[in-house]
Amino acid sequence: MNAPALRADEFSEFFRAVHYVDAFPWQARLAKVVCGQGWPAALDVPTGAGKTAAIDVAVFHLALEADRRSARTAPVRILFVVDRRLVVDEAYERAKKLAAALASPESDIVRRVADRLRHLCERPERPLVVARLRGGAPKDPDWVRTPAQPVVVVSTVDQVGSRMFFRGYGVSDSMKPVHAGLIGSDALLLLDEAHLSQPFVKSVQDARTFQRERPWSEDACPAPFAIVTLSATQTEQAQDLLRSEDRTHPVLGPRLARGKPAELLLVKAPAKDDAFTAEFAERAWGFSRLGGGPAQVVGIVVNRVQRARAVFDSLTKRLVAQAEPAGDAALLMGRSRPIDRDESLRNLLPRMAAQRSESKTAKPLFVVATQCIEAGADLDFDALVTEVAPLDSLRQRFGRLNRMGRAIETRACIVAALDQIQGKDEPDAVYGTALSATWGLLNEKAGKEGRGKSATLVIDFGVEAAGRWLPEGNDLVVCITPRASAPVMLPAFVEQWMCTSPVPDADPEVALFLHGPTSGPGDVQIVWRADLDQGSKPDEWIERVAVCPPSTLEAIAVPIGEAKRWLRGKARSDITDVEAGTDEEGEDEDVLGCRALRWRGAEHDETGAVTGESLRPGDLIVVPAVWGGCDEWGWAPTSSAPVRDRARDANRAHRGRDILRLSPRLFEATLIECDRVEPARAAARAQRFEAALDALADASTAEVLAALRTSPGNPAEWNEWHSTDGPPRVIRGGSGTPLALERRAQPSEAVGASVTEDDQSSAGLRAVALPEHSRGVRDFAARFAAQAGLPEPIAQDVALAAFLHDAGKAHPAFKLWMYGGDELAAAGGETLAKSGRAVLGRAARARARLPSGARHEVASLAFAEAHPAFARAHDADLVLWLIGTHHGWGRPFFPPVPWPEQGTVFEVSLGDGTVRSRDMKSFPEFTAAWLDRQARLSCRYGPWGLARLEAILRLADHRRSETEQEEAP
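Before going into details, it helps to say that this report is about the structure given with it. Predicted model, so just to flag it, every value in this text is computed and none were measured.

So, how was this worked out
Residues numbered from 1 in each chain as written. Predicted model: local features only at pLDDT ≥ 70, side-chain atom pairs only at ≥ 80, totals over all residues. Heavy atoms only, no water. Helix = DSSP H or I, 4+ residues; strand = E, 2+ residues; numbered from the N terminus. Buried < 20%, exposed > 50% of the residue type's maximum accessible area, 1.4 Å probe, protein only. Lys, Arg positive; Asp, Glu negative; His and termini not counted. Charge placed at Lys NZ, Arg CZ, Asp CG, Glu CD. Phe/Tyr/Trp six-rings, centres within 6.5 Å; stacked < 30°, edge-to-face > 60°. Lys NZ or Arg CZ within 6 Å of the ring centre and 35° of its normal. Salt bridge = Lys/Arg side-chain N within 4 Å of Asp/Glu carboxyl O. Polar contact = N/O pair within 3.5 Å; in protein donor to acceptor, adjacent residues only side chain to side chain. Bend = angle between axes of the 7 residues up to and from the residue. Contact = heavy atoms within 4.5 Å. Pairing = 2+ DSSP bridges. Axes fitted to C-alpha atoms, helices over the stretch in contact; angles between N-to-C directions. Core = buried A, V, L, I, M, F, W, Y, C linked by side-chain atoms within 4.5 Å. Disulfide = S-S within 2.5 Å. Parallel < 35°, antiparallel > 145°, perpendicular 65-115°, else oblique. Nonpolar A, V, L, I, M, F, W, Y, C, P; charged D, E, K, R; others polar.

## Things to note about the overall build of the chain
Broken down by element type, the chain carries 36 helices and 29 strands. On the principal axes, the C-alpha backbone points of the chain span a range of 100 × 70 × 60 Å. Looking at the 969 residues of the chain, the share that counts as buried comes to 61%. Counting 120 positive and 133 negative side-chain charges, the chain places the centres of these two groups 3 Å from one another.

So, in structure tokens, the structure goes:
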């Protein structure tokens, strides 16, 4: 289609049409710079000045260039990256608003932007996709379904960085190259509060330098890429976008000019003393209306999860002691389950959000938080009590005090413990000596108010006021969060990371390049399930977890050391709330503690029982809900109360699947929690329910549904589930016992269905002939290559590889396996790409005499070299590489299985005439040639350029397979 005209100077009109307000002057200037010259390397923007508008600029820039194909300089993937655990995700909400406006445009300018984005998108009704990339759970919905889909992704340094360097946390080995190719090419990284993420910035810059030079070059197929650092406390050379018109702007001006005086309070006690913790609650109470102060919303920000809980408990006790409910308290931690946090904030957020409706009759609200509110949180407090922190962190915290520059009286206090500001042998584990340096600076710059013993030191943290006393150079550096330096990024490290099949045992630790050598090793995700019997072995839990896979919405990320201690019953909860914060694991013990279930997918070899000592960074573990360890606010390692099971809610929201697990344990927990049934009666009902389930092992689907619908004593929630429209699907265990009922639900966050990753993708409820699948994948690949802006010769090679990629499934042994080992059916049947069977099992493989580990891609390579079209390939190495790696194998090795046997051949027609394959090479000869091919292609396209080309073909295969199965019964 012809692209409607769009001019660079129309950004302000576009901004106004989407947000119903004018862009700030600096935002319009940024758009002009980006559309004319590209992105600057760094932006210095004060907190509260609207820096998330960089997302609007990036989307508008992409629309402007959407039809430029290989000349496009605007990346299609816009990643807003924060090195903090977010509780209120301002960037995500802004991006969703932008996507909604583009999906249903109400003005000509928005309609034109949307129409131009449709050159690149998968579906016309979704010109822009928005996703939160959390990670940690295999088979999560795709965050990108096509290689050129305009998308805004909000995520963290851990998730984006680990994926970019081919070691995605929670990503299966076979999909690591796809994620690397999508993030390392045709991507814009907007790194919020970049002063917190210097190791990651340096690592990315080093990697891009190597990509442009030897030993790698992406000249053969270049793609846009940029990283932009955003910070209110830049130490890098940054473009100052603020001008006089910004400072006099009727909306932005007051945000910059309004004063924020804060008292400096030194508590002459150690930080771990109760007297220090008590001071936060005392000051917050005094600032609130309940204590005689002016504040309706009081923020209390501390540096440790344990201290946050103690302050929250203290304020809660005070509120409960009132004659009648006079106020509320909330606890915000990044170490909480997103689904719980979203539920809590649904009612609380309107009371503390920026630009909220003011009400003099509203009850006071105390918001106790950790570092998680320093970024991404569009909150607005009337008063603030904060623990001493580095200067950059304090500026972020004060950015939440009177964020909108209202004409109100604010109160603030910075509290420090004696041991935090004195020189000591062991600096703070996270902030080092920056606490004492900052406290010294504040005392030096503060003014004295009052006289005698009542005199106080006060310093103004308003944006313009702070600008007058902020130091520069090294005086500033010593007062901000210590900036770790990443190790030197050598090309050899990236070449090692490129190896994903298998991942080498001696592997550079990617966390060092994301957070520096002093950081912790990474987090572990923990999921709680009520249907796991504490008395069973975790290996027996796999079947139950498989019917309702873990979702990141129901997981909490905790430092690996804390997770190990918790499994031993020794968690201390004195941890920070920052990404990869320093966390000592403690000494190894003889007592292994509880055994959890490591989850990497039902069929993955590493799914199974683990103890604390065998945990690894990025692991996701599933534990019984009766173990405790979590409450409505988040991580509570000392709590022994059963944890609420959120699996059904999480899968409904995240994957669009409503799954009712038929577990006696969950049945009992639901009766107690939701129906308030006395525990003894609930246990008796659960026993009867278990017996009824066992009796249904051989029953038909209709009989199962009828029995469950009429069963007496069901939880009310379960009966409501049965009364809805549409018959559900019954999921059974290996013995035939019904394990769950499933039906489709409308997903709220999912971008699409999960990708296929292994040879089970050869299965499918609808049989598909090989020629039909080959042509379909070729057509998808050709469209994707054109949308991605590949040069025409490379686009043709990608389409050719897509056409030939599955030809190896015509090999007699593989064909027989596709027919379930039925020789008569295979002999008379057509060659299949999809078997029409739900599962292709080991028994069928044995009947087909197909060795375990045999890959059809190897046979496809021998066929491709014999196909007449292969002679017309522009880059024969690339065509073969894309065929060989289209399931993630061959980077650099295939399973060590000499199949097909040396010298054997097969033949098949893909709809263009029968072709006989070349003779199969010996496995050593094949492997040597394959390693040489990898070396040539890595130099020609670079690590990320090559991975991007792989992603284009693999996503074409996924989308075609998905389309084929949509018609399945």
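## Re the packing of aromatic side chains
Applying the stated criterion across every chain, the model contains 26 aromatic pairs. With centroids separated by 6.4 Å and ring planes inclined at 65°, the aromatic side chains of Phe 165 and Trp 944 adopt a geometry described as edge-to-face. Taken as a pair, Phe 165 in the loop between helix H6 (157–164) and helix H7 (176–184) and Trp 944 in helix H36 (residues 943–965) lie far apart in primary sequence, 779 residues in all. On the basis of relative accessibility, which here comes to 0%, the residue Trp 944 falls in the buried class. Members of the aromatic cluster, connected to one another through ring pairs, are Phe 165, Phe 166, Phe 493, Trp 497, Phe 513 and Trp 944. When the ring centre of Tyr 92 is taken as origin, the NZ or CZ atom of Arg 132, which lies over that ring, is 3.9 Å away. A cation sits over an aromatic face here: Arg 845 above Trp 817, 4.7 Å from the ring centre.

## Focus: the pattern of salt bridges
Per the stated rule, a full pass over the model turns up 69 salt bridges. Between Asp 108 and Arg 112 there is a salt bridge, and its shortest N-O distance comes to 2.9 Å. With Asp 108 and Arg 112 both in helix H5 (residues 108–117) and four residues apart, the pair spans about one turn of that helix. Here Glu 673 and Arg 644 are joined by a salt bridge, their closest N and O atoms 3.5 Å apart. Pair noted here: Glu 673 is in helix H24 (residues 664–673) and Arg 644 is in the loop between strand S22 (634–635) and helix H23 (647–654), with a separation of 29 residues, a long-range link.

## Comments concerning the environment of Trp 143
You can see Trp 143 is positioned in the loop between strand S3 (129–133) and strand S4 (151–156). When its relative accessible area of 7% is taken as the criterion, Trp 143 is described as buried. Expressed as a C-alpha distance, the spacing of Trp 143 and Thr 701, which sit 558 residues apart in the sequence, is 34 Å.

## Quick look at the side chain of Ser 288
Tracing the chain through its elements places Ser 288 in the loop between helix H11 (274–287) and strand S9 (297–301). Among the polar contacts listed, one links the side chain of Ser 288 to the backbone oxygen of Trp 285, at a separation of 2.8 Å.

## Let's talk about helix H13 (residues 338–352)
At Arg 346, H13 shows its largest bend, some 50°, and a proline, Pro 350, comes one to four positions later. Taken as a whole, H13 has its buried residues at Pro 338, Ile 339, Asp 340, Arg 341, Ser 344, Leu 345, Leu 348 and Met 352.

## Quick look at the environment of Asp 56
Inspection of the secondary structure assignment puts Asp 56 in helix H3 (residues 53–65). A sequence separation of 45 residues divides Asp 56 from Phe 11, and the C-alpha atoms of the two residues are 8.8 Å apart. Beyond its immediate chain neighbours, meaning those up to four positions away, Asp 56 contacts Phe 11, Phe 14, Phe 15, His 19, Arg 94 and Leu 98. A distance of 2.6 Å separates the side chain of Asp 56 from the side chain of Arg 94, its partner in a polar contact.

## Brief notes about the sheet that holds strand S23 (residues 657–661)
Two pairing modes exist for strands in a sheet, parallel and antiparallel, and in both the strands are linked by backbone hydrogen bonds. In space, the three strands of this open sheet follow the order S23-S25-S24, with antiparallel pairing throughout. One side of each edge strand has no neighbouring strand; the edge strands of this open sheet are S23 and strand S24 (729–732). Across the sheet, the axes of successive neighbouring strands diverge by a mean angle of 30°, strand direction being ignored. Sheet topology places S23 next to strand S25 (residues 738–744); five bridges connect them, and they run antiparallel. Within S25, the position partnered with Leu 660 by the bridge is Leu 741. Packed onto the sheet, H23 meets S23 and S25 and runs at close to 160° relative to S23. In this fold helix H26 (residues 701–710) packs onto S24 and S25, with an angle of close to 95° to the strand it touches most, S24.

## Section: the nonpolar core
In terms of nonpolar packing, the biggest core is built from 169 residues, with Phe 14, Trp 39, Leu 102, Phe 165, Leu 190 and Leu 949 touching the most fellow members. No other element matches H3, which puts 10 residues into this core. Aside from chain neighbours lying at most four places away, what touches Leu 949 is Cys 221, Leu 790, Ile 794, Val 798, Leu 878, Leu 882 and Tyr 941. If you look at the next biggest cluster of nonpolar residues, it comprises 96 residues, including Met 352, Ala 369, Leu 394 and Ala 596.

## Here we look at the sheet that holds strand S14 (residues 447–449)
Read from one edge to the other, the open sheet built from eight strands follows the order S10-S11-S9-S12-S13-S8-S15-S14, with strand pairing classed as mixed. Lying at the two open borders of the sheet, with one neighbouring strand each, are strand S10 (328–332) and S14. Averaged over all pairs of adjacent strands, the angle between their axes in this sheet comes to 25°, without regard to strand direction. As judged from the five bridges shared by strand S8 (residues 261–267) and strand S13 (residues 411–417), these two strands associate in the parallel manner. Each bridged residue has a counterpart across the sheet, and for Glu 263 the counterpart in S13 is Cys 413. Strands S9, S10, strand S11 (365–369) and strand S12 (383–387) of the sheet are contacted by helix H12 (residues 305–320), whose axis makes an angle of about 170° with S10.

## Description of unusual backbone geometry
Following Ser 501, the chain continues into Pro 502 via a peptide bond in cis, with omega recorded as 0°. Within the fold, Pro 502 resides in the loop between helix H19 (491–497) and helix H20 (510–515). Cis geometry is found at the peptide bond from Trp 899 to Pro 900, where omega equals -5°. Within the secondary structure layout, Pro 900 lies in the loop between helix H34 (876–884) and strand S28 (907–909). Although it is not a glycine, Arg 849 adopts a positive phi angle of roughly 55°. Of note, Arg 849 is situated in the loop between helix H32 (842–847) and helix H33 (856–866).

## Here's the deal with the state of the cysteines
Per the counting criterion, the structure on display carries zero disulfides. With no disulfide partner, Cys 479 has as its closest neighbouring cysteine sulfur the one in Cys 413, 19 Å distant. Exposure remark for Cys 479: the relative accessible area of 3% places this residue in the buried category. For Cys 548, which is in no disulfide, the shortest distance to another cysteine sulfur is to Cys 674 and amounts to 15 Å. Judged by its relative accessible area of 0%, Cys 548 is buried.

## Some points on the packing of helix H1 (residues 11–19) against helix H4 (residues 90–103)
For the pair H1 and H4, interaxial distance at closest approach is 10 Å and the crossing angle is 95°. For the element pair H1 / H4, the angle class is roughly perpendicular. Of the residues in H4, those in contact with Phe 14, Phe 15, Val 18 and His 19 of H1 are Arg 94, Lys 97, Leu 98, Ala 101 and Leu 102. The class makeup of the residues in the contact of H1 with H4 is six nonpolar, one polar and two charged.

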